[in-house]
Amino acid sequence: MATALLATLYGAVVANMWCLPLADKLHLKQADEEINRTLIIDGVLMIREAKSPTLVREMLLAYLPEKHRHDGEAELVPA
């Protein structure tokens, strides 16, 4: 009986200390990858449809969070 309770305790500790945080991190990475894939697919489709580069840029910037939109604009400004 003691072995069964100890194994249950170890299982609960491992799940809460290791498995659940790992699952949360993997879920966040999966969501980021999904956004990246959508961005790439939409960009390629717009290029294939011969959309103007400015329109493609503006449409793809809409996918980015607000704090990252200004970083992308700063890179494109000629110095």
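Preceding block: the structure.
Here we summarise the structure given alongside this text. Sequence positions are assigned chain by chain, starting from 1 and proceeding in written order. Note on the predicted model: pLDDT of at least 70 is required for a residue's local features to be given, and 80 or more for side-chain atom pairs to be given and counted; whole-chain, interface and lining totals, by contrast, use all residues. Computation of side-chain values: all heavy atoms of the structure, hydrogens and water removed.

**Topic: the packing of helix α1 (residues 2-48) against helix α2 (residues 53-61)**
Thinking step 1. Working convention: axes come from line fits to C-alpha atoms, limited for helices to the stretch in contact. Angles between N-to-C directions cover 0 to 180 degrees. Each helix corresponds to a stretch of at least 4 residues labelled H or I by DSSP, and each strand to a stretch of at least 2 residues labelled E; elements are numbered beginning at the N terminus. The N-to-C vectors of α1 and α2 enclose an angle of 160 degrees; their axes lie 10 Å apart at closest approach. When the interaxial angle is binned, α1 and α2 end up roughly antiparallel. Along this stretch, α1 crosses α2, giving a crossing that reads as right-handed. Counted together, Leu39, Gly43 and Met46 of α1 and Val56, Met59 and Leu60 of α2 form the full contact between these two elements.
Thinking step 2. Amino acid classes used here: Ala, Val, Leu, Ile, Met, Phe, Trp, Tyr, Cys and Pro are nonpolar; Asp, Glu, Lys and Arg are charged; the rest, including Gly, are polar. Partitioned by chemical class, the residues of the contact of α1 with α2 number five nonpolar, one polar and no charged. For classification purposes, an angle smaller than 35 degrees is called roughly parallel, one larger than 145 roughly antiparallel, one from 65 to 115 roughly perpendicular, and anything else oblique. The crossing is said to be left-handed when, going from far helix to near helix, the turn is anticlockwise and less than a right angle, and right-handed when the turn is clockwise. Throughout, a contact is declared for two residues whenever any of their heavy atoms are within 4.5 Å.

**Some points on α1**
Thinking step 1. The span you would expect from a helix comes to 1.5 Å times its residue count less one. Over its 47 residues, α1 extends 66 Å from the first C-alpha to the last, a length consistent with the 69 Å expected when each residue adds 1.5 Å.
Thinking step 2. The largest bend in α1 comes to about 40 degrees, at alanine 15.
Thinking step 3. Positive phi appears at alanine 50, one or two residues downstream of α1, with a value of about 60 degrees. To get the bend at a residue, fit one axis to the 7 residues ending there and another to the 7 starting there, then take the angle between the axes.

**Considerations on the pattern of salt bridges**
Thinking step 1. Whenever a carboxyl oxygen of Asp or Glu lies within 4 Å of a side-chain nitrogen of Lys or Arg, that contact is scored as a salt bridge. As enumerated under the stated definition, the model contains two salt bridges in all.
Thinking step 2. Glutamate 49 is the partner of lysine 51 in a salt bridge, and the nearest nitrogen-oxygen pair spans 3.8 Å.
Thinking step 3. Of the charged contacts, one joins arginine 57 and glutamate 58 as a salt bridge, the two residues approaching to 3.2 Å between their closest N and O atoms.
Thinking step 4. Take arginine 57: its relative accessible area is 27%, and that puts it in the partly exposed class. Classification of residues uses two cut-offs on accessible area relative to the type maximum, computed with a 1.4 Å probe and protein chains only: under 20% is buried, over 50% is exposed, and between them is partly exposed.

**Things to note about a nonpolar patch on the surface**
Thinking step 1. Patch membership requires over 30% relative accessible area and the absence of a salt bridge. Like charges are linked within 9 Å, and nonpolar side chains (Val, Leu, Ile, Met, Phe, Trp, Tyr) within 5 Å. Here the accessible surface of atoms and residues is derived via Shrake-Rupley with a 1.4 Å probe, and residues count as covered only by protein chains that are part of the display. A surface patch of nonpolar side chains, about 950 Å² in accessible area, is lined by Leu6, Leu9, Tyr10, Val13, Val14, Met17, Trp18, Leu22 and Leu26.
Thinking step 2. Mapped onto the secondary structure, leucine 26 falls in helix α1.
Thinking step 3. On the accessibility criterion, leucine 26 (51% relative accessible area) is exposed.

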